[in-house]
Amino acid sequence: MGLKERVPPRRTGSHVLHRSLRDTPPIAVGGHGVWLVDADGREVLDGSGGAAVSCLGHQHPRVLEALIGQAGKLTYAHSSFFSSEPAEALADELVGHEPGGLAYAYLVSGGSEAIEAALKIARQYFVEIGQPRRSRFIARRQSYHGNTLGALAAGGNAWRREPYRPLLADAFSHVTPAFAYREQHATETDDDFVGRLVAELEAEFQRLGPDTVAAFIAEPVVGATAGCVPAPEGYFRAVREVCDRHGALLILDEVMCGMGRTGTLHAWEQEGIVPDIQVVAKGLGGGYQPIGAMLASRRLVDALRDGSGAFQHGHTYLAHPMACAAALAVQRVIREDRLLERVRQMGDLLEQRLVERFGNHHHVGDIRGRGLFRAIEIVADRTSKAPFDPALKLHARIKRAAFERGLACYPAGGTIDGRNGDHVLLAPPYIASAQDIDMIVDRLGAAVDATIADIVH
Ligand SMILES: Cc1ncc(COP(=O)(O)O)c(C=O)c1O
């Protein structure tokens, strides 16, 4: 090899394959409470906890203490040889009291992995109980269940699916979401709307053959793709009834809306139903470590125990001790500091402030959500609900304008159908104060106004 070949290439920029290949994000070097700090010392208010992740804000002392304590004892032991103290304690914390019959926690490294586990345990359950025809999953359009191929196939967001369509299994089909602002007809009551959605679900069971359906999967409050969309009263009870009648399972994806985000630990508590399988992530570990969990009912796991004796799945980092220690500390802080009450109080305040600031705004068509999980939907025209031209990428402009004003929020496009529509999602940390909430709404208001003024002359 000549001298020339041995000279290392000159650094021309970041070697991280960032989300955008056109620009490089600022470097975050620190954080405290609801604030993030970049390398220039600039402080940014974390109004969305990233993507509804940082439920305790940044550098929470009790979580750091737990991480340091665990690092001093044991950082890793493979789950095929050992369990660990934090894994056992975390599972006890999550399902020791068997909420809604959920009795086992399968601890993975994030939301998508947890969704894969949910799909696979549902399928394996039916194989083991002698119903191998059940291999179909019904999901909803405009849902997001993750980016691994199984999770992406389950999701119903057209834009995210499009380039990978040839790789996605056809075991998944999609029905209309319970998205009242966009899907409910002007002449329909809430009951009519629920009735129509449930009839469509029933028809999909019939089209597929009810004995081929393994599960229906849905986010109780739709997150990133549609922007904090709760279902109308009675929808999930009716869905549960359809699943039960056909012997199919109900999988609830609470990756974004779970672990207290909507004001109850589990979003399903507000729906009067329980799932057979629940998936949690983001707020489980609050970003202190990568972690997700698939929570399964005793009935399912007992069937596997009585059958093959094992869940036929696994990853190298299952039940990682550091991740479990972080999540355990996060969940203890939420419980011991009674943060769910705070989520409800601050969530009401956030709603009130959003209504004051945007309730009469010409370009805000809907304000929705629950707890500290709220969104505004931006429209070109409030009466017709027409969106702005997607080519304008309004959501990206709002994100930039907010960031310039010291606010990190989570806008997205494709709100209506994966292509059209814009919304801004807010998910402040549960520790946010009333002043923080005011500042989030003020900065967002300024960003939205400035962005739209640039477009609408
Ligand atoms: C509802 C929902 N499910 C699944 C996922 C995937 O989680 P992860 O990004 O941790 O893989 C997400 C992530 O945004 C989500 O919001």
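The structure we're discussing is the one just above.
What counts and how
Residues numbered from 1 in each chain as written. Predicted model: local features only at pLDDT ≥ 70, side-chain atom pairs only at ≥ 80, totals over all residues. Heavy atoms only, no water. Near = heavy atom within 4 Å. Areas by Shrake-Rupley, 256 points an atom, 1.4 Å probe, with all protein chains shown as cover. Nonpolar A, V, L, I, M, F, W, Y, C, P; charged D, E, K, R; others polar. Pairing = 2+ DSSP bridges. Helix = DSSP H or I, 4+ residues; strand = E, 2+ residues; numbered from the N terminus. Axes fitted to C-alpha atoms, helices over the stretch in contact; angles between N-to-C directions. Contact = heavy atoms within 4.5 Å. Phe/Tyr/Trp six-rings, centres within 6.5 Å; stacked < 30°, edge-to-face > 60°. Buried < 20%, exposed > 50% of the residue type's maximum accessible area, 1.4 Å probe, protein only. Lys NZ or Arg CZ within 6 Å of the ring centre and 35° of its normal. Patch = residues over 30% accessible without salt bridge, like charges linked within 9 Å, V, L, I, M, F, W, Y side chains within 5 Å. Salt bridge = Lys/Arg side-chain N within 4 Å of Asp/Glu carboxyl O. Parallel < 35°, antiparallel > 145°, perpendicular 65-115°, else oblique. Left-handed = near helix turned anticlockwise from the far one by under 90°. Core = buried A, V, L, I, M, F, W, Y, C linked by side-chain atoms within 4.5 Å. Polar contact = N/O pair within 3.5 Å; in protein donor to acceptor, adjacent residues only side chain to side chain.

### Quick word on the site of the ligand
And step 1. Residues in contact with the ligand, as listed here, are Gly 110, Gly 111, Ser 112, Tyr 144, His 145, Gly 146, Glu 219, Asp 253, Val 255, Met 256 and Lys 282.
And step 2. Notes on the ligand: free accessible area 390 Å², of which the protein chains cover 82%.
And step 3. Residue composition of the shell around the ligand, grouped by class: three nonpolar, five polar and three charged.

### So, the sheet that holds strand β5 (residues 136–140)
And step 1. Reading across the sheet, the seven strands line up as β4-β12-β11-β10-β7-β5-β6 and stay open at both edges, with mixed pairing between neighbours. Of all the strands in the sheet, just β4 (102–108) and β6 (172–175) have a single pairing partner and so form its edges. Pairs of neighbouring strands in the sheet enclose a mean axial angle of 20°, with direction left out of account.
And step 2. Alignment of strand β11 (residues 277–280) against strand β12 (residues 292–297), held across four bridges, turns out to be antiparallel. Along β12, the bridge assignment pairs Gln 278 with Leu 295.
And step 3. Strands in contact with helix α4 (residues 85–95) are β4 and β12; relative to β4, the strand with the most contacts, it is inclined by about 135°.
And step 4. Lying over the sheet, helix α5 (residues 111–128) contacts β4, β5, β6, β7 (213–218), β10 (249–254), β11 and β12, oriented at roughly 165° with respect to β11.

### A look at the packing of aromatic side chains
And step 1. On inspection of all chains with the given rule, the structure shows five aromatic pairs.
And step 2. Measuring from ring centre to ring centre gives 5.4 Å for Phe 137 and Phe 172, while their planes differ by 25°; the resulting arrangement is stacked. On the criterion of sequence distance, the pair formed by Phe 137 in strand β5 and Phe 172 in strand β6 is long-range, its members being 35 residues apart. There is no split in this pair, since Phe 137 and Phe 172 are both buried.
And step 3. Each ring, one from Tyr 235 and one from Phe 236, has its centre 4.9 Å from the other, and the planes form 85°; the classification is edge-to-face. Grouping residues by exposure puts Tyr 235 and Phe 236 together as buried.
And step 4. Looking at Arg 134, its charged tip hangs above the ring of Phe 126, at a distance of 5.2 Å from the centre.
And step 5. Positioned above the aromatic ring of Tyr 181, the side-chain terminus of Lys 385 is 4.4 Å from the ring centre.

### Notes on a nonpolar patch on the surface
And step 1. Taken together, the side chains of Leu 149, Tyr 164 and Leu 167 define a hydrophobic patch exposed on the protein surface, amounting to about 300 Å² of accessible area.
And step 2. The residue Leu 167 is located in the loop between α7 (158–161) and β6 in this model.

### With respect to the packing of helix α15 (residues 394–404) against helix α16 (residues 434–455)
And step 1. Contact geometry of α15 with α16 gives a least axis separation of 8 Å together with a crossing angle of 130°. With respect to α16, the element α15 is oriented oblique. In the packing of α15 onto α16, the handedness of the crossing is right-handed. In this structure, α15 contributes Leu 394, Arg 397, Ile 398, Ala 401 and Ala 402 to the contact, and α16 contributes Leu 444, Ala 447, Val 448, Thr 451 and Ile 455.
And step 2. Counted by class, the contact of α15 with α16 contains eight nonpolar, one polar and one charged residues.

### Details of the nonpolar core
Burial of nonpolar side chains together is a common tendency in soluble globular proteins.
And step 1. Grouped together as the largest cluster of nonpolar side chains are 44 residues, with contacts concentrated most on Leu 56, Phe 358, Ile 376, Ile 378, Leu 444 and Val 448.
And step 2. Listing elements by their share of this core, those giving two or more residues are α3 (61–73), α13 (321–336), α14 (339–358), β14 (373–378), α15, β17 (422–426) and α16.
And step 3. Ranked by residue count, the leading element in this core is α16, at eight residues.
And step 4. If we skip the residues at most four places from it in the chain, Ile 378 touches His 363, Val 364, Phe 388, Leu 394, Ile 398, Asp 422, His 423, Val 448 and Ile 452.
And step 5. Core analysis: the second largest hydrophobic core is formed by 40 residues, Phe 193, Ala 218, Ala 231 and Ala 293 among them.

### A look at the pairing of β11
And step 1. Residues Ile 277 and Val 279 point to one face of β11 and Gln 278 and Val 280 to the other, with burial holding for every one of them.
And step 2. Bridging between β10 and β11 involves four bridges; their strand directions are parallel. Paired with Glu 254 across the strands is Val 280, a residue of β11.

### Here we look at the environment of Arg 42
And step 1. Mapped onto the fold, Arg 42 is located in the loop between β2 (35–38) and β3 (43–46).
And step 2. For Arg 42, a relative accessible area of 31% puts it in the partly exposed group.
And step 3. A sequence separation of 221 residues divides Arg 42 from Gly 263, and the C-alpha atoms of the two residues are 31 Å apart.
And step 4. Apart from the residues lying within four places of it in its own chain, the contact partners of Arg 42 are Leu 36, Val 37, Phe 403, Glu 404, Arg 405 and Gly 406.
And step 5. Of the polar contacts made by the side chain of Arg 42, one reaches the backbone oxygen of Glu 404; its length is 3.5 Å.

Functional significance is not addressed by these values, which are geometric in nature.
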